[in-house]
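Analysis of the macromolecular model
Below are the chains, spelled out letter by letter.
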Amino acid sequence: MVGSIDNDFCGTDMTIGTDSALHRIIEVVDAIMTTAQSHQRTFVLEVMGRHCGYLALVSALACGADWVLIPEMPPEDGWEEKMCQKLSANRAGMKRLNIIIVAEGAIDRNNKAITTECIKDLVVKCLGFDTRVTILGHVQRGGTPSAFDRILASRMGVEAVLALLETTANTPACVVSLCGNQSVRLPLMECVQMTQEVQKAMDEKKFEEAVKLRGRSFENNLKTYKLLAHRKPESELPISNFNVAVLNVGAPAAGMNAAVRSAVRVGISEGHKMFAVNDGFEGFYKGQIKEIKWADVGGWTGQGGSLLGTKRTLPAKHVGKIAEQMRTHNINALLVIGGFEAFLSLLELLTARGKYDEFCVPMIMVPATVSNNIPGSDLSIGADTALNAITTTCDRIKQSASGTKRRVFIIETMGGYCGYLATVAGLAAGADAAYIYEEPFDIRDLQANVEHLTEKMKTSIQRGLVLRNENSNENYTTDFIYQLYTEEGKGVFDCRKNVLGHMQQGGAPSPFDRNFGTKISAKAMQWVTKKLVETFRQGRVFANTEDSCCLLGMRRRALIFQPVVQLKGETDFVHRIPKEQWWLKLRPLMKILAKYKTSYDVSDSGQLEHVVHNRPKDSDASVAM
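To keep things clear, this report deals only with the structure shown in the data block. (Residues numbered from 1 in each chain as written. Predicted model: local features only at pLDDT ≥ 70, side-chain atom pairs only at ≥ 80, totals over all residues. Heavy atoms only, no water.)

Quick look at the sheet that holds strand β1 (residues 42-47) now. Strands sit in the order β2-β3-β1-β4 across an open sheet of four strands; the sheet is parallel. A strand with exactly one partner marks an edge of an open sheet, and here the two such strands are β2 (67-69) and β4 (131-135). Between one strand and the next, the sheet's axes are offset by a mean angle of 15°, whatever the strand orientation. By the bridge criterion, six bridges tie β1 to strand β3 (residues 98-103) in an arrangement that is parallel. Bridging from a neighbouring strand, F43 pairs with I99 of β3. (Pairing = 2+ DSSP bridges. Helix = DSSP H or I, 4+ residues; strand = E, 2+ residues; numbered from the N terminus. Axes fitted to C-alpha atoms, helices over the stretch in contact; angles between N-to-C directions.)

Written out as structure tokens, the structure is:
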């Protein structure tokens, strides 16, 4: 298993530790942004990565930095002037701060090192901006591991054991790693060889090749960064004459704003006029629609909640008025970013196509909800931030218990009927049990858990953590479970309960949600452009096929476009959850780690594959990482 904060090992999307390092970097960048904003300063930040620019690139993508310098892709000759032009253009555009991120191994085309000091001197000399340098150093290696890293490491640990158990005398040494949301096994020597080829390509100044060898995820990050950070002059933009509207639907989720920013900027680069709708479909029928420009979404990636405003209102009741607004503003396509309501909305608009031609336009939904309960996608924007919020809180609560000893905490999480947050946070925080709706439990299970905790109190770890999803059972409420544990644990342990509530929806988005939001939304916008071109006939857009109303979701290792109609069969509409959920396979792992005797389903384990030089375009989910 590869543990490295640099994410510099070929063949894996994410190495263990990378996400935590990104958390440290983003915390610092967010803090620096507020001081830079108030003092109108330029900051040059140096992040780790002597031979690999992953951390620099991804943190630049996650905070919308003005310029980034990485070893794999040195800037073209004459970059100094270009960079200064970009910085001063940003200042002229009312932006009060500039952020430049530099990997410690950054070089120019002649393999000469580019240091933070030389960038500072350059900016001061050319522009006279007040410039400061911050070198993050070993802060990046420290701190508590993020929720993503805990889950990644737990999943990889299991995969490694399964791989060992299946070896024969002829099995080559292998690496277990992650591809999209899927565990894979790759021959160690192939990975090492490819990793060495990257350095070789860099030494030989074959930079394009070095980026390709780093893998699809890296290449995609670079493309997306360039697309969103560097605005083309008006004269170079195509003119499409299409109008595309973006809106948020459902409850707020961290990362929604990053997705809106990305959609707006990609749309503008493709020549469309972009419109923002405030307050979801409620704002839509009231006509709260206005054009949104490139600069309007500057600085949005790090903002939590929904800046456009979001409502749970469904369109069916106001379908006539919405059609009228579509006509008035001549909207040719819709991009909906939201949760289960967004999914229902697209189904309703699809039905409305029969009556109103205005809805015969390409429509796409990007899943954004803390509950992660959308059919057709393994992950949704906002869930990672919520997991981190729960995990951090659980860590603190456990710490309080380590002082008092013999205490069990019952914690209620959000998620509607979907047990994703309770289960995955339970795995990340080391819970003893997690009660969810998808896995029915009765009084015998509760009793077994109490007995298990009673036994645990006799060991050196005298504390317990129990998570309960808010709708896991209408009769076994959080209060009921708390009272039951209190009564049964008399004389052995005492109990406390905690309802986490809306803190799970708020907060600054995690690096994962920022990047996932940015990349999935950019991909959705490119689909919109393709569909607009395909469906434009006789001077108007007319799209009435099923595949022109899609959900873009992450499935195992691919980001795929799925017609919403086809997802109907996979959905439990009463409880607003998908009928099959991948993370249920992680539950036995949580029980094993809590020292319960149980069996583990190995049907999902990876097979030994070979390292492929750049997989074909479509099958790619490393986009998401």
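This next bit is on the sheet that holds strand β13 (residues 407-413). Taken in spatial order, the four strands line up as β14-β15-β13-β16 in an open sheet, and their pairing is parallel. The outermost strands of the open sheet, each flanked by one partner alone, are β14 (433-435) and β16 (494-499). For this sheet, the mean angle separating the axes of adjacent strands, direction not counted, is 20°. Along the sheet face, helix α14 (residues 420-429) touches β13, β14 and β15 (463-469) and points at about 160° away from the line of β15. Each of β13, β14, β15 and β16 is contacted by helix α16 (residues 478-488), which is oriented at about 170° to β16, the strand it contacts most. (Contact = heavy atoms within 4.5 Å.)

Our next topic: the packing of aromatic side chains. Applying the stated criterion across every chain yields a total of 15 aromatic pairs. Between the aromatic rings of F242 and F536, the centroid separation amounts to 5.5 Å while the plane-to-plane angle is 80°, which identifies the pairing as edge-to-face. Separated by 294 residues along the polypeptide, F242 in the loop between α8 (216-229) and β7 (243-249) and F536 in strand β17 (residues 536-537) bring together distant segments of the chain. A relative accessible area of 9% means that F242 is categorised as buried. Classification of F536 by relative accessible area gives partly exposed; the value is 41%. Centre to centre, the rings of F340 and F573 are 6.2 Å apart; their planes meet at 70°, and the pair counts as edge-to-face. With a gap of 233 residues between them, F340 in helix α12 (residues 340-352) and F573 in the loop between β21 (571-572) and β22 (577-578) connect regions that are remote in the sequence. Look at F340 and you get buried, because its relative accessible area is 2%. For F573, a relative accessible area of 35% corresponds to the partly exposed category. Ring pairs connect the aromatic residues Y435, F441, Y476 and F480, which therefore count as one cluster. Above the ring of F129, the side-chain terminus of R91 is found at 4.3 Å from the ring centroid. (Phe/Tyr/Trp six-rings, centres within 6.5 Å; stacked < 30°, edge-to-face > 60°. Buried < 20%, exposed > 50% of the residue type's maximum accessible area, 1.4 Å probe, protein only. Lys NZ or Arg CZ within 6 Å of the ring centre and 35° of its normal.)

The next point concerns the nonpolar core. The biggest cluster of nonpolar side chains holds 170 residues, and the ones touching the most others in it are I101, F284, L334, L335, I337, F359 and Y420. When residues no more than four places from it in sequence are discounted, the contact partners of Y420 are S371, N372, L379, A383, L387, A425, W582 and W583. Membership of the second largest hydrophobic core comes to 16 residues, among which are V408, A433, Y435 and L484. (Core = buried A, V, L, I, M, F, W, Y, C linked by side-chain atoms within 4.5 Å.)

Bringing helix α6 (residues 188-203) into the picture now. The first and last C-alpha atoms of α6 sit 23 Å apart over 16 residues, in line with the 22 Å expected at 1.5 Å per residue. If you check which residues of α6 are buried, you get C191, M194, V198, A201 and M202. All buried residues of α6 lie within an arc of 100° about the axis, which places them on one face of the element. In α6, the exposed residues that point more than 90 degrees away from the buried face are M189, Q196 and K200. Buried positions along α6 lie against β5 (174-179), β6 (182-187) and α7 (207-213). Trailing α6 by a residue or two, K205 shows a phi angle of about 60°, which is positive. (Expected span 1.5 Å × (residues − 1). Arc of directions from axis to C-beta.)

Bringing the pattern of salt bridges into the picture now. In the structure shown here, the tally under the stated rule is 33 salt bridges. The residue D30 makes a salt bridge to R514 at a minimum N-O spacing of 2.8 Å. Taken as a pair, D30 in helix α1 (residues 18-39) and R514 in helix α17 (residues 511-535) lie far apart in primary sequence, 484 residues in all. R514 sits in the buried class, given a relative accessible area of 1%. Here K531 and E534 are joined by a salt bridge, their closest N and O atoms 3.3 Å apart. Of this pair, K531 and E534 both sit in helix α17, three residues apart, which is roughly one turn of that helix. The exposure class of E534 is partly exposed, given its relative accessible area of 42%. What you see here is one network of salt bridges that share partners, running through R41, D130 and R132. (Salt bridge = Lys/Arg side-chain N within 4 Å of Asp/Glu carboxyl O.)

All right, on to the pairing of strand β19 (residues 549-555) then. Counting buried positions along β19 yields six of seven residues, so the element is predominantly enclosed. Relative to β19, strand β12 (residues 363-367) runs parallel, the two being bridged by three bridges. The residue of β19 that forms the bridge with M365 is L551. By the bridge criterion, six bridges tie β19 to strand β20 (residues 558-563) in an arrangement that is antiparallel. Residue pairing in the sheet places M554 in a bridge with L559 of β20. Hairpin remark: β19 followed by β20, antiparallel, with two residues in the connecting loop; positive phi at R556, about 55°.

For the rest of this paragraph, the subject is the pairing of β3. Looking along a regular strand, one sees side chains alternate from face to face of the sheet. Burial runs high along β3: six of the six residues are buried. Here β3 shows no split at all, with N98, I100 and V102 on one side and I99, I101 and A103 on the other all buried. Summarising the sheet, β2 and β3 pair through three bridges and their orientation is parallel. Counterpart to W67 in the pairing with β3 is I100. Read from β2 through helix α3 (residues 79-92) to β3, the crossover connection turns out right-handed. (Right-handed = clockwise from strand over helix to strand, strands pointing away.)

Phi is positive for N7, close to 55°, though the residue is something other than glycine. Mapped onto the elements of the fold, N7 is located in the segment before α1. With phi around 55°, N372 is a residue other than glycine that occupies positive phi space. Looking at the secondary structure, you find N372 in the loop between β12 and α13 (383-404).

That is the geometry; function is a separate question.
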